[in-house]
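# Residue-level structural notes
Each chain, letter by letter, is given below.
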Amino acid sequence: MLKVLKFGGTSVGTLERIQNVSQIIKKFRDQGHDIVAVVSAMSGETNKLIEYANNYSKTPDEREMDMLLSSGERVTSALLSITLNEQGYPTTSMSGREAGIRTTDEHTYARIEDIETKHMQKTIKDGKIIIVAGFQGVSAENGRVTTLGRGGSDLTAVALAGALEADVCEIYTDVDGIYTTDPRIEPKAKKLDKISYDEMLELASLGAKVLQNRSVEMAKKLNVNLVSRSSFTPEVEGTLITKEENIMEAPVVSGIALDKNQIRVGMYGVVDKPGIASSIFTALADANINVDMIVQTRGLDNTTNLDFTVPTTDLEKTKNVMVAFEADSDKIDYNDSICKVSIVGVGMKSHTGVASKAFTAMAKDNININIISTSEIKISMIIDEKYAELAVRSLHDAYQLDL
Ligand code: ADP
Ligand code: ASP
Ligand code: MG
């Protein structure tokens, strides 16, 4: 069996933890499996490197950022390889480039274009364990190192599992699977045995960082058997992320997600004329800003009010873009003390009363809802950040997710 195993930041957070990971790999190797392991940087390392760069510049050159950030994963991949070799297990580490991962040249959030697996295939055939530095590739266009967006080692693992046609892709982290909500916020959260790709994709996109959303999207596309489990308790079975038809009866609501990294941009008294929304959101898209909730309401005197949310990390870029639209409105403001709570479940498609239950739960705790948006399998609400955890727990109770 070919297994792709991914170990996240906390799983390789110390020299001792790296040693622990080597035990997990050795166990599978002793069972006769071929192993490709993907590692993250030590926990906190990527943030530390970003801070170093921001010390000199608030908008550092993105190619230089990729050079800097890709280093964290190289450290852990080499260390893990060194300890496995020392223990008598022939192992080689590979950077994204050596693993054949070719990407677009969109530095700091590059997309994988293709993977040339020849080198890896030969190395596996030669009987070696491969340790790939996650989160990185090489631009097919300019040959420079690229990174795949925060949490991108998950994507490396899934993409390699797809390209190598691995039997399974196991993502090891510090929780033993996917829970009904972040177990750090709601200790009553329950572990799910299985969850559909679509629900996991929504949860991940809406803030549940246990899996990177792009990795889930790719797992669905390439039909990868994806498992989320813990390197701290590797004996415990994790959660399988799979096709909806493999889940006998899905609950109406599967989980609650929280995203505190959102900023609400408000534009008041916007001149009400055709084309204004188009020009604002085209400019934001051109700057690669990921706009999420958009709400436009009628104001007085032929004006409108426009609210939308963007990730906290894009605040500076957003402000720069919005300068061009200052003349089109009375006022633009930025509120970073908000958060987004979301309810996700495929069962929503066929059940009524799901949304009203959420609003009633918020009312009961006196939490004011600023913006609401819904889609087929999710309901999201923007609320004051100080109520974030309370809202998650109230919703968890309201849908009885602990039962
Ligand atoms: P890694 O460093 O291994 O990539 P992350 O910190 O990115 O790990 O993701 C794991 C964390 O995700 C957990 O510690 C947990 O707090 C959080 N999390 C958020 N939502 C969920 C959820 N629904 N189920 C499990 N964990 C969740
Ligand atoms: N080290 C990178 C990050 O923190 C990638 C990863 O851990 O997946 O985002
Ligand atoms: Mg992660």
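Below: a short report on this structure.

About the thresholds
- Residues numbered from 1 in each chain as written.
- Chains lettered and ligands numbered in written order.
- Predicted model: local features only at pLDDT ≥ 70, side-chain atom pairs only at ≥ 80, totals over all residues.
- Heavy atoms only, no water.
- Helix = DSSP H or I, 4+ residues; strand = E, 2+ residues; numbered from the N terminus.
- Buried < 20%, exposed > 50% of the residue type's maximum accessible area, 1.4 Å probe, protein only.
- Contact = heavy atoms within 4.5 Å.
- Salt bridge = Lys/Arg side-chain N within 4 Å of Asp/Glu carboxyl O.
- Pairing = 2+ DSSP bridges.
- Phe/Tyr/Trp six-rings, centres within 6.5 Å; stacked < 30°, edge-to-face > 60°.
- Lys NZ or Arg CZ within 6 Å of the ring centre and 35° of its normal.
- Near = heavy atom within 4 Å.
- Polar contact = N/O pair within 3.5 Å; in protein donor to acceptor, adjacent residues only side chain to side chain.
- Areas by Shrake-Rupley, 256 points an atom, 1.4 Å probe, with all protein chains shown as cover.
- Nonpolar A, V, L, I, M, F, W, Y, C, P; charged D, E, K, R; others polar.
- Axes fitted to C-alpha atoms, helices over the stretch in contact; angles between N-to-C directions.
- Parallel < 35°, antiparallel > 145°, perpendicular 65-115°, else oblique.
- Left-handed = near helix turned anticlockwise from the far one by under 90°.
- Patch = residues over 30% accessible without salt bridge, like charges linked within 9 Å, V, L, I, M, F, W, Y side chains within 5 Å.

## Structural notes on the side chain of S40
As for its position among the elements, S40 is in the loop between strand 2 (34–39) and helix 2 (45–56). On the basis of relative accessibility, which here comes to 9%, the residue S40 falls in the buried class. Filtering out sequence-adjacent residues up to four positions away, S40 remains in contact with K6, F7, G8, G9, V12, E73, T76 and S153.

## Digging into the pattern of salt bridges
Applying the stated rule across the entire model yields 21 salt bridges. Ionic pairing is found between K58 and E316, a salt bridge with its closest N-O pair at 3.8 Å. One end of the pair, K58, is in the loop between helix 2 and helix 3 (62–86); the other, E316, is in helix 9 (residues 315–322), and 258 residues separate them in sequence. For K58, a relative accessible area of 65% gives the class exposed. Within this structure, K3, E170 and R229 form a network of salt bridges that share partners.

## Structural notes on the pairing of strand 15 (residues 294–298)
As paired strands, strand 15 and strand 16 (residues 303–311) are joined by five bridges and run antiparallel to one another. Opposite T297, over in strand 16, you have N305 as the bridge partner. Connecting the antiparallel pair strand 15 and strand 16 is a turn made up of four residues, with D301 showing a positive phi of about 50°.

## A short note on the packing of aromatic side chains
For the structure on display, the rule yields two aromatic pairs. Measuring from ring centre to ring centre gives 4.9 Å for F7 and Y172, while their planes differ by 20°; the resulting arrangement is stacked. With F7 in strand 1 (residues 2–7) and Y172 in strand 9 (residues 168–173), this pair connects stretches of sequence that are 165 residues apart. By the burial criterion, F7 is buried, and Y172 matches it. Here F281 and F308 contribute two aromatic rings whose centre-to-centre distance is 5.2 Å and whose plane-to-plane angle is 80°, an arrangement assigned as edge-to-face. Here F281 is found in helix 8 (residues 276–286), whereas its partner F308 is found in strand 16, with 27 residues between them in sequence. There is no split in this pair, since F281 and F308 are both buried. Its guanidinium or amino end placed over the ring of F28, K3 lies 4.3 Å from that ring's centre, counting from NZ or CZ.

## Let's talk about unusual backbone geometry
At T108, a position not held by glycine, the phi torsion is positive, near 75°. On the accessibility criterion, T108 (22% relative accessible area) is partly exposed. One non-glycine residue, Q400, lies in positive phi territory at about 50°. Secondary-structure assignment places Q400 in the segment after helix 11 (388–398).

## Section: the site of ligand 1
Near ligand 1 lie 17 residues; those nearest to it are T173, D174, Y179, D182 and R184. Residue K6 places a side-chain N or O atom 3.3 Å away from an oxygen atom belonging to ligand 1. D182 places a polar side-chain atom, nitrogen or oxygen, 2.8 Å from an oxygen atom of ligand 1. For ligand 1, whose accessible area on its own is 580 Å², the fraction buried by protein is 88%. Residues that form the shell around ligand 1 fall into these classes: six nonpolar, six polar and five charged.

## Observations concerning the pairing of strand 19 (residues 369–375)
Two strands pair when backbone bridges link them, and strand 19 and strand 20 (residues 378–384) are joined in this way by six bridges, in the antiparallel orientation. Across the sheet, residue I372 finds its bridge partner in strand 20, namely M381.

## Observations regarding the packing of helix 8 against helix 9
The contact between helix 8 and helix 9 brings their axes to 10 Å, and the two run at 140°. In terms of their interaxial angle, helix 8 and helix 9 are classed as oblique. Of the two elements, helix 8 crosses helix 9, and the hand of that crossing is right-handed. Contact residues: helix 8 offers I280, A283 and L284, while helix 9 offers T318, V321 and M322.

## Focus: a nonpolar patch on the surface
Nonpolar side chains collect at one region of the surface, where L15, V75, L79 and I82 lie side by side and expose about 370 Å² of accessible area between them. Tallying contributions element by element places helix 3 first for the nonpolar patch, with three residues. As for its position among the elements, L15 is in helix 1 (residues 15–30).

## Focus on the sheet that holds strand 4 (residues 101–103)
With mixed pairing, four strands are arranged side by side in an open sheet as 5-4-7-8. Strand pairing shows two members of the sheet lacking a second neighbour, strand 5 (112–115) and strand 8 (145–147), which therefore form its edges. Along the sheet, successive strands turn relative to each other by an average axial angle of 45°, direction set aside. Sheet topology places strand 4 next to strand 7 (residues 136–139); two bridges connect them, and they run parallel. Bridged to T103 within strand 7 is S139. The strands that helix 3 touches are strand 7 and strand 8; relative to strand 8, the one it contacts most, it runs at about 80°.

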